[in-house]
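The lines below spell out each chain.
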Amino acid sequence: MEIEVQELTPTEARFKIRESTPNQVNSIRRVLLSDLPKMAIEDVEFHLGSVHDDTTGKDYDLSTSLFDESIALRLGLLPIPTNLKHFRFKDRCTCKGEGCAHCQIVYTIDKKGPGTVYSRDLVPLGDPELAIADPNIPIVSLGARQALLAYATATMGTAKQHAKWQVANAVGYTFQPKVKVSKGTGCSDSCLRKVDKVCPAKVFAFAKGDLDVVAEDKCILCKECEKACTHGSVKVEADPTSFLFRFETDSSLTAREAFRVALEDLSSRFDLLRDAVTALG
Ligand SMILES: [Zn+2]
C-alpha cells in the first residue's frame, strides 16, 4: 500500500491510496468513523433557583428558554481538544473510575443575561489549553435576569457509544478515475466541445480544437462524457486498486493524529488476532 498526501490541514486530509483493495480502505474508513477516542461532555450539573450578583445588585433566575436536557445535548457536541497521551478511558484509569485529571475535565459555566452563552463561556478547571476548540459556538440565549450556572464534566469515549464522541466526519473514498481521450477518432470540434461542456466536474479543457484532461481526480465517474462522444474517443474507468480518500475532524484531534491513531488501532487488532491464532498452536 502506498499513500500520497494531497492536502493536510489541522482538520482536513485528502490523499491517494495505491496498491490496495476496497476491503483495506474501508476498514480504515470504519475505524476513523467509530473507533477513535476523544473527550466529550458526559455529565452536566445545573444549579437551580436564583443567584444574586453583588456587582449589579440584581437577582437572576437560574432558568433559560431551553430544557436542561437540550443544553446538555449541545454541550456534549462541543469539540474538546484531546491529548491522547494524557487522557485515558475512565474505566481503564489508575483512579479506578473515580475520576481524576487523566480521565475527566470539569468545566464551569457562570453566565448572566441578557446575552448568549457561547462555547468560550465554558471555563476548564485547571489547564486553560482545554478550552473548547471553537470558542464561538452558541449554546443558549439568556433573557434579562436569566442566568446559567452549571458544571460540565467531560470523559473519554468513542462514537460506538454516542455520536458526540465522533472525531472524524465526511469520511469517504472513491476509486481513482482514469480518463483517456484518444486522438484521431474523427471527432469534430463540436463533438469535443460537447464533451467538455457536459462534464459536471470540469475534468477537461477544450482549446484550439484539442481536448485535454486537466483534472482527472475531480472526475465523479458519471460517464456523461462517454455518452456525449459518439466516436468513442473518451473512455472513463475506475481503478479498483487506487483510491481518493478524504475526511475531516471536529478539531478535537488533528487530521494527522486521527489518521495515526486509526492505523495504530487497526494494527493492534490484527496483532491480537495473530496472537490468538498463534496460541491455538
Ligand atoms: Zn482517572
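Residues numbered from 1 in each chain as written. Predicted model: local features only at pLDDT ≥ 70, side-chain atom pairs only at ≥ 80, totals over all residues.

Relative to strand β5 (residues 58-61), strand β4 (residues 50-53) runs antiparallel, the two being bridged by four bridges. What sits directly across from His52, in β5, is Asp59. Connecting β4 to the next strand, β5, in antiparallel fashion are four residues, including Gly57 with a positive phi near 75°. (Pairing = 2+ DSSP bridges. Helix = DSSP H or I, 4+ residues; strand = E, 2+ residues; numbered from the N terminus.)

With 25 residues, helix α5 (residues 255-279) extends 36 Å from end C-alpha to end C-alpha; this agrees with the ideal 36 Å at 1.5 Å per step. Regarding α5, the residues found buried are Ala255, Ala258, Phe259 and Ala262. Residues of α5 that are buried sit in contact with β1 (2-8), β2 (12-18), α1 (22-34), β11 (168-181) and β14 (234-249). Where α5 ends, the next residue or the one after it, Gly281, has phi of about 90°, a positive value. (Expected span 1.5 Å × (residues − 1). Buried ≥ 20, exposed ≤ 12 C-beta atoms within 10 Å, placed from the backbone. Contact = placed C-beta atoms within 7 Å.)

You can read the domains of the protein as domain 1 (2-35 + 170-246) and domain 2 (38-162). Inter-centroid distance (C-alpha atoms) of domain 1 to domain 2 is 45 Å. (Domains from an automatic or database assignment.)

Time to look at the sheet that holds strand β3 (residues 38-46). Note on sheets: strands pair through backbone hydrogen bonds, and any given pair is parallel or antiparallel. With respect to topology, four strands assemble into an open sheet ordered β3-β10-β6-β8, the strand pairing being antiparallel. The outermost strands of the open sheet, each flanked by one partner alone, are β3 and β8 (123-124). Judged from the eight bridges that link them, β3 and strand β10 (residues 147-157) form a sheet pairing that is antiparallel. Counted as the bridge partner of Phe46 is Ala150 from β10. Its contacts with the sheet put helix α2 (residues 68-76) on β3 and β10, and the angle it makes with β3 is roughly 160°. (Axes fitted to C-alpha atoms, helices over the stretch in contact; angles between N-to-C directions.)

Glancing now at the nonpolar core. By size, the foremost hydrophobic cluster in this structure holds 27 residues, and its most contacted members are Met39, Ile80, Ile109, Ala152 and Ala154. Apart from residues lying up to four places away in sequence, Ile109 is in contact with Val117, Asp121, Leu122, Leu148, Leu149, Ala150 and Ala152. (Core = buried A, V, L, I, M, F, W, Y, C linked by C-beta atoms within 7 Å.)

To continue, consider the environment of Ser251. Relative to the helices and strands, Ser251 is located in the loop between β14 and α5. Look at Ser251 and you get partly exposed, because 17 C-beta atoms sit within 10 Å. Residues Ser251 and Thr11, 240 residues apart in the sequence, show an inter-C-alpha distance of 5.7 Å. Contact partners of Ser251, with chain neighbours within four places excluded, come to Pro10, Thr11, Pro79, Ala133 and Asp134.

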